[in-house]
Amino acid sequence: MEKKKPDPVKMQALRSLPVEIKQTLTKEEVDAFLYEEEWPDSLREKLKDYLVDEE
């Protein structure tokens, strides 16, 4: 099974997060950030100060 490449925009967003935030993310949360449309609640909570509602 070949792993799909992450979206470059999401990769850049992940890199731009503060180190203290990145250190709290689990592997599963990072994978969700890069590859999933729906994020787990734990990831939303950790990134809530960095999210922008798209409404």
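Refer to the structure above for everything that follows.
About the cut-offs
- Residues numbered from 1 in each chain as written.
- Predicted model: local features only at pLDDT ≥ 70, side-chain atom pairs only at ≥ 80, totals over all residues.
- Heavy atoms only, no water.
- Helix = DSSP H or I, 4+ residues; strand = E, 2+ residues; numbered from the N terminus.
- Buried < 20%, exposed > 50% of the residue type's maximum accessible area, 1.4 Å probe, protein only.
- Contact = heavy atoms within 4.5 Å.
- Areas by Shrake-Rupley, 256 points an atom, 1.4 Å probe, with all protein chains shown as cover.
- Salt bridge = Lys/Arg side-chain N within 4 Å of Asp/Glu carboxyl O.
- Axes fitted to C-alpha atoms, helices over the stretch in contact; angles between N-to-C directions.
- Parallel < 35°, antiparallel > 145°, perpendicular 65-115°, else oblique.
- Nonpolar A, V, L, I, M, F, W, Y, C, P; charged D, E, K, R; others polar.
- Polar contact = N/O pair within 3.5 Å; in protein donor to acceptor, adjacent residues only side chain to side chain.

Undergrad: Help me understand the overall build of the protein chain, please; the structure alone is not making it clear to me.
TA: Scanning the protein chain for helices and strands turns up four helices and zero strands. Going residue by residue from the N terminus, the α and β elements of the protein chain occur as α-α-α-α. Buried positions account for 22% of the 55 residues belonging to the protein chain. Once local pairs closer than 6 in sequence are excluded, the contacts in the protein chain between residues at least 24 apart make up 38%. A total of about 4,700 Å² of accessible surface is found on the protein chain, and carbon and sulfur atoms cover 52% of it.

Undergrad: So what exactly am I meant to see when it comes to the pattern of salt bridges here?
TA: Opposite charge on two side chains allows them to pair when their charged atoms are near. This structure, assessed with the given rule, holds three salt bridges. Across the salt bridge formed by Asp 31 and Lys 27, the nearest N and O atoms sit 3.0 Å from each other. Of this pair, Asp 31 and Lys 27 both sit in helix H3 (residues 27-35), four residues apart, which is roughly one turn of the helix. The class of Lys 27 is exposed, set by a relative accessible area of 57%. A salt bridge links Glu 45 to Lys 48; the shortest N-O distance between them is 2.8 Å.

Undergrad: What's the story with the packing of helix H1 (residues 8-16) against H3 in this structure? I'm lost.
TA: Helices that pack against each other are described as a pair by the angle of their axes relative to one another and the distance between those axes. One can describe the packing of H1 onto H3 by two numbers: an axis separation of 8 Å at closest approach and a directional angle of 135°. Compared by their axis directions, H1 and H3 come out oblique. Together, Lys 10, Met 11, Ala 13 and Leu 14 of H1 and Val 30, Phe 33 and Leu 34 of H3 make up the contact between the two elements. In the contact of H1 with H3, the residues fall into six nonpolar, no polar and one charged.

Undergrad: Looking at this model, I keep getting lost on the environment of Glu 45. Mind explaining?
TA: Relative to the helices and strands, Glu 45 resides in helix H4 (residues 41-47). A C-alpha to C-alpha distance of 17 Å links Glu 45 and Lys 10, two positions 35 residues apart in sequence. Engagement of the side chain of Glu 45 in a polar contact is seen with the side chain of Lys 48, the distance being 2.8 Å.

That's the geometry; what it means functionally is another story.
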